[in-house]
There are 2 protein chains.
Amino acid sequence: MLTIAVDAMGGDNAPACVIEGTVQALQESDNRFEVVLIGQSDKVEPLLAAYDISSLNLKFLHAPEVVTMDDIPATAVKTKQQSSLVKGLQLCKEKQADAFVSAGNTGAQMAASLFVLGRIPGVLRPTIYAYFPRLGEGLTNIVDVGANVDCKPENLVQFAEMLTIYQRYGAGIEKPVTGLLNIGEEEGKGSETLKQTYWLLKEADSKGKINFIGNIEGHDILKGKASIVVCDGLVGNTILKFGESIPEFLGSLFKSSLEQLMASGRIDQSTAKITSEMFKGMFEPFDVEKFGGVPFLGVDGISIVGHGRSSSRAIKNMIYMAEHMVEKRVNAHIAEVLNEK
Amino acid sequence: MLTIAVDAMGGDNAPACVIEGTVQALQESDNRFEVVLIGQSDKVEPLLAAYDISSLNLKFLHAPEVVTMDDIPATAVKTKQQSSLVKGLQLCKEKQADAFVSAGNTGAQMAASLFVLGRIPGVLRPTIYAYFPRLGEGLTNIVDVGANVDCKPENLVQFAEMLTIYQRYGAGIEKPVTGLLNIGEEEGKGSETLKQTYWLLKEADSKGKINFIGNIEGHDILKGKASIVVCDGLVGNTILKFGESIPEFLGSLFKSSLEQLMASGRIDQSTAKITSEMFKGMFEPFDVEKFGGVPFLGVDGISIVGHGRSSSRAIKNMIYMAEHMVEKRVNAHIAEVLNEK
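This one's a predicted model, so the numbers in the text were calculated from it and none came from an experiment.

J.: Explain the interface of chain B and chain A to me, and be specific about the residues and the numbers.
T.: Facing 50 residues of chain B, the contacting portion of chain A comprises 50 residues. For the pair chain B and chain A, the summed buried area comes to about 4,500 Å², and 78% of that belongs to carbon and sulfur atoms. Applying the counting criterion to the chain B and chain A interface returns 4 salt bridges. For the interface between chain B and chain A, the tally reads 8 residue pairs in polar contact (both at pLDDT 80 or more). Of all the elements in the fold, those that place two or more residues in the side of chain B that touches chain A are helix 7 (192-206), helix 8 (233-263) and helix 9 (269-282) of chain B. Counting residues per element, the side of chain B that touches chain A draws most heavily on helix 8 of chain B, at 19 residues.

J.: Before we move on, could you go through the packing of helix 4 (residues 84-93) of chain B against helix 5 (residues 106-117) of chain B and cite the residues and values that matter?
T.: All names here are of chain B. At a closest axis distance of 10 Å, the pairing of helix 4 and helix 5 adopts a crossing angle of 35°. Every pair of crossing elements has a handedness; the one defined by helix 4 and helix 5 is right-handed. Counting all contacts with helix 4, which are made through Leu85, Leu89, Gln90, Cys92 and Lys93, the residues of helix 5 involved are Ala108, Gln109, Ala112, Ser113, Val116 and Leu117.

J.: Describe the pattern of salt bridges, with residues and values.
T.: Overall, the coordinates contain 22 salt bridges over all chains when judged by the stated rule. Glu203(A) is the salt-bridge partner of Lys207(A), the closest N and O atoms lying 3.6 Å from each other. According to the relative accessible area criterion, Lys207(A) is partly exposed, its value standing at 47%. The partly exposed category is assigned to Glu203(A), whose relative accessible area is 40%. Among the salt bridges present, the one from Lys316(B) reaches Glu28(B), with a minimum N-O distance of 3.0 Å. Pair noted here: Lys316(B) is in helix 10 (residues 312-327) and Glu28(B) is in helix 1 (residues 16-28), with a separation of 288 residues, a long-range link. A relative accessible area of 13% places Lys316(B) in the buried class. One salt-bridge network, in which partners are shared between bridges, spans Glu185(A), Asp220(A) and Lys225(A).

J.: Break down the relation of the copies chain B and chain A for me, with residues and values.
T.: Two chain copies here: they are related by a rotation about an axis and a translation along the same axis. Rotating chain B by 180° and translating it 0.0 Å along the rotation axis places it on chain A, where the RMSD comes to 0.0 Å. A rotation of that kind, with that shift, is consistent with a two-fold axis. When C-alpha positions in chain B are compared against the rotation axis, the closest is assigned to Val235(B), at 2.7 Å. Interface overlap between copies is the fraction of interface residues in one copy that are interface residues in the other; for chain B against chain A it reaches 100%, indicating a shared surface.

Here is what the cut-offs are and how they apply
- Residues numbered from 1 in each chain as written.
- Chains lettered and ligands numbered in written order.
- Predicted model: local features only at pLDDT ≥ 70, side-chain atom pairs only at ≥ 80, totals over all residues.
- Heavy atoms only, no water.
- Contact = heavy atoms within 4.5 Å.
- Buried area = accessible area lost by both parts, 1.4 Å probe.
- Salt bridge = Lys/Arg side-chain N within 4 Å of Asp/Glu carboxyl O.
- Polar contact = N/O pair within 3.5 Å; in protein donor to acceptor, adjacent residues only side chain to side chain.
- Helix = DSSP H or I, 4+ residues; strand = E, 2+ residues; numbered from the N terminus.
- Axes fitted to C-alpha atoms, helices over the stretch in contact; angles between N-to-C directions.
- Left-handed = near helix turned anticlockwise from the far one by under 90°.
- Buried < 20%, exposed > 50% of the residue type's maximum accessible area, 1.4 Å probe, protein only.
- Least-squares fit on C-alpha atoms with pLDDT ≥ 70 in both.

Quick look at the structure:
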């Protein structure tokens with residue numbers, strides 16, 4: 001049976017949401033795996049007491065320290081060895097757990113994952129991707145979304161290769177399609193780095209490691225032109241955060257439009273209610289909590305990172321993602337493909 | 001009286017839309033300026049004949065060649081000297097016109113503007129900015145949006161300085177606010193270029209050239225945290241094109257939601273109509289045609305660039321923008337500030 005270590009202290013709504021999500025995952029999956037919940041006993045145990053956990057595959061492990069959102073990533077790993085973050089990753093390292101899940105400080109989790117678990121042989125830099133809404137079926141992932149800036153062409157190519165493997169084996173996409181995010185479609189466009197990356201991606205394509213469709217532009221993302229959008233972390237992080245701000249921005253425009261229409265008597269309460277539901281429904285493709293979180297690709301172990309705002313549902317889905325990463329042997333495939341000549 | 005040269009052949013809907021917009025500008029402004037419309041006589045003159053232009057300050061200048069969207073920027077300037085693009089800019093150079101307006105090939109316009117007009121003394125690289133929607137009052141401009149990639153810190157600082165001058169003198173914003181688009185707010189974040197840029201922007205702030213509020217992130221753009229968002233053209237171009245694709249993406253989600261609601265009988269035709277109007281109204285802040293186009297900042301002359309999709313209304317507003325740039329003496333202010341010690 002798989003064992004998943006869960007950071008009870010990670011996230012804006014921790015530990016309450018984390019506990020709730022963990023209990024839900026075990027109940028819903030009928031105890032398909034075991035969870036080790038790690039955190040400060042005085043914070044976690046009183047909340048755990050509210051659930052009947054006697055029938056669940058749930059263990060608790062005390063960790064006296066907590067890595068907060070304000071901790072400096074590189075320092076936190078060294079100064080907070082007794083934190084839930086470091087202890088959880090150590091369980092993985094010592095093979096007492098198969099995967100680790102946290103919605104805490106992303107930078108610290110990245111640093112600690114690298115420090116404790118190391119890189120898969122052949123990986124230059126591990127990376128983080130994100131989910132993006134798209135028209136129609138399928139999946140769009142953007143890589144890198146902030147773990148790496150000043151990426152070299154070789155880094156960007158590895159990101160595409162690793163995400164191709166994830167989408168193929170982890171997400172069941174038969175033919176993941178890679179596009180290089182650029183200022184124009186023509187070859188020869190963009191920065192010096194992107195020009196070189198273009199040719200390296202072509203080469204990776206000719207070796208069958210990826211399916212490269214060339215340069216794509218900002219307006220191609222939502223259209224779903226590529227399932228893998230490759231860019232430097234500076235671009236990906238900006239697009240990701242910009243995208244996350246859209247529902248709130250439009251929600252505010254929607255609210256004032258609706259208030260105007262109601263004040264003028266053009267629509268009544270019940271229509272306003274239907275319209276509001278419709279508006280909410282429209283943003284369903286923006287709901288990334290259904291994926292919960294993402295694995296750090298390239299780390300020699302499974303470390304799933306979630307949004308600080310994660311709800312219990314997101315935590316539950318992160319646990320499933322961890323299970324999925326173990327079962328689909330994504331890391332073994334990455335090691336294999338990256339070390340092919 | 002000012003003379004504005006207008007490229008009749010520039011844009012997806014040229015020359016019809018350009019002619020219509022030009023006539024509207026002259027009628028609406030009561031012949032406040034003179035327009036020289038430049039293009040192929042066999043294409044333009046038959047369309048012009050549909051208007052009563054005898055009372056308008058409108059001249060026509062024949063240009064046998066046309067720079068198309070497919071022309072390579074650097075080549076077009078040299079091989080198509082008899083194009084409306086090059087002839088229009090030459091009118092400016094020879095002081096027969098005060099400004100030039102085009103909705104054609106942006107890259108070619110940039111190259112030709114540099115080639116024919118040159119740079120304002122002290123300017124390292126001219127730039128293009130774009131308008132962005134924001135919550136509440138005010139204005140958000142992003143610079144650079146694709147004219148420059150691989151920007152050096154000195155370039156990014158000049159972009160902020162030039163746009164500050166434009167917003168102050170051209171747009172009447174008393175205190176333009178500059179933010180550096182980055183992956184986090186803390187100083188020391190981001191690429192090597194951004195780290196250096198941060199300190200140069202601080203320095204420009206201490207000299208009173210700009211008002212710098214530090215690093216901002218992708219989610220701060222729509223919130224209107226800064227009136228000037230500074231970034232490399234690779235980031236700005238991606239965000240711009242991504243932003244432009246949002247109304248269509250959401251429109252498509254809206255349409256299918258509405259169809260579902262109507263099919264289930266939850267709303268009737270007339271409510272659907274009101275809801276559709278409301279949805280359209282919500283995207284009013286995304287309407288950048290009210291600004292028409294933007295000037296190339298840093299070019300020694302006035303060259304206004306518009307979107308290829310420009311309507312007649314956008315063309316009209318571009319002509320007003322050209323007039324405005326001349327009257328507010330934006331270029332003189334740029335020369336002054338950039339050459340201060």
